Amino acid sequence: MSKEKEITSMLIDIFDKINIDTPNNFDDILEFVVKDVEETADKEDWHDGDVAIAFRRWIELNQNKEETPLCTPDNCRHGY
């Protein structure tokens, strides 16, 4: 399985754990997380914790922007 596919699966697991649907901007989140994991995590021994940290960094970076929240009834792929 490719690294991007593994990270995709791990991100979806995170969404499931925090009880949110996959947001419409998932591709943007995934792109950020993949890049962050590649730049900061161990090249050989990266894990789901690295993905969670990268996702937290994405949230922190975007929390002050005046954008739509991560997931609302209007922007989720699967609704609430």
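See the structure above.
Everything in this summary refers to the structure shown in the same document. Each chain has its residues counted from 1, running along the sequence as written. With the structure being a predicted model, the display of local features is reserved for residues of pLDDT at least 70 and the display and counting of side-chain atom pairs for 80 or more, all residues being used for whole-chain, interface and lining totals. To obtain the side-chain values, all non-hydrogen atoms of the structure were used and water was disregarded.

1. Concerning the packing of aromatic side chains
Here is step 1: Working definition: rings of Phe, Tyr and Trp (its six-membered ring) pair if their centres are within 6.5 Å, and the pair is stacked with planes under 30 degrees apart, edge-to-face with planes over 60 apart, and tilted otherwise. Per the counting criterion, the structure on display carries three aromatic pairs.
Here is step 2: Summarising the aromatic geometry, the rings of Phe15 and Phe26 are spaced 6.0 Å apart at their centres and angled 70° between planes, so their arrangement reads as edge-to-face. Here Phe15 is found in helix α1 (residues 3–17), whereas its partner Phe26 is found in helix α2 (residues 26–40), with 11 residues between them in sequence.
Here is step 3: Each residue is assigned to one of three classes by its accessible area relative to the maximum for its type, calculated with a 1.4 Å probe on protein chains only: buried under 20%, partly exposed between the two thresholds, exposed over 50%. Among the residues examined, Phe15 registers a relative accessible area of 1% and is labelled buried.
Here is step 4: Ring geometry for Phe55 and Trp58: centres 6.2 Å apart, planes at 5°, overall stacked. On the criterion of helical spacing, the pair formed by Phe55 and Trp58 is a turn pair, its members being three residues apart in helix α3 (residues 48–62). Note on conventions: DSSP H or I runs of at least 4 residues are helices, E runs of at least 2 residues are strands, and numbering of each starts at the N terminus.

2. What about the pattern of salt bridges?
Here is step 1: Every case where a carboxyl oxygen of Asp or Glu lies within 4 Å of a side-chain nitrogen of Lys or Arg is listed as a salt bridge. Considering all chains together, one arrives at two salt bridges under this definition.
Here is step 2: The closest approach of N and O atoms between Asp36 and Arg57, which form a salt bridge, is 2.7 Å. Taken together, the residues span a long stretch of sequence, with Asp36 in helix α2 and Arg57 in helix α3 at a distance of 21 residues.
Here is step 3: Exposure remark for Arg57: the relative accessible area of 32% places this residue in the partly exposed category.
Here is step 4: Among the ionic pairs, Glu60 bridges to Arg56, the shortest N-O distance being 3.3 Å. On the criterion of helical spacing, the pair formed by Glu60 and Arg56 is a turn pair, its members being four residues apart in helix α3.
Here is step 5: Note on Glu60: relative accessible area 41%, which makes it partly exposed.

3. Looking at α1
Here is step 1: By this rule the span expected of a helix is its residue count minus one, scaled by 1.5 Å. Compared with an ideal rise of 1.5 Å per residue, which puts 15 residues at 21 Å, α1 spans 21 Å between its outermost C-alpha atoms and is within 8% of the ideal.
Here is step 2: On its buried face, α1 is in contact with α2 and α3.
Here is step 3: Positive phi appears at Asn19, one or two residues downstream of α1, with a value of about 60°. Residue contacts are defined here by distance: any two heavy atoms, one from each residue, within 4.5 Å place the two residues in contact.

4. Description of α2
Here is step 1: Taking 1.5 Å as the rise per residue, α2 with 15 residues should run 21 Å; its terminal C-alpha atoms sit 21 Å apart, in good agreement.
Here is step 2: Those residues of α2 not exposed but buried are Phe26, Ile29, Leu30, Val33, Val34, Asp36 and Val37. End-on, the buried residues of α2 take up no more than an arc of 165°, which puts them together on one face. Residues of α2 that are exposed and point over 90 degrees away from its buried face: Glu31, Lys35 and Glu39. Working definition: the arc comes from the directions between the helix axis and the C-beta atoms, pointing outward to the latter.

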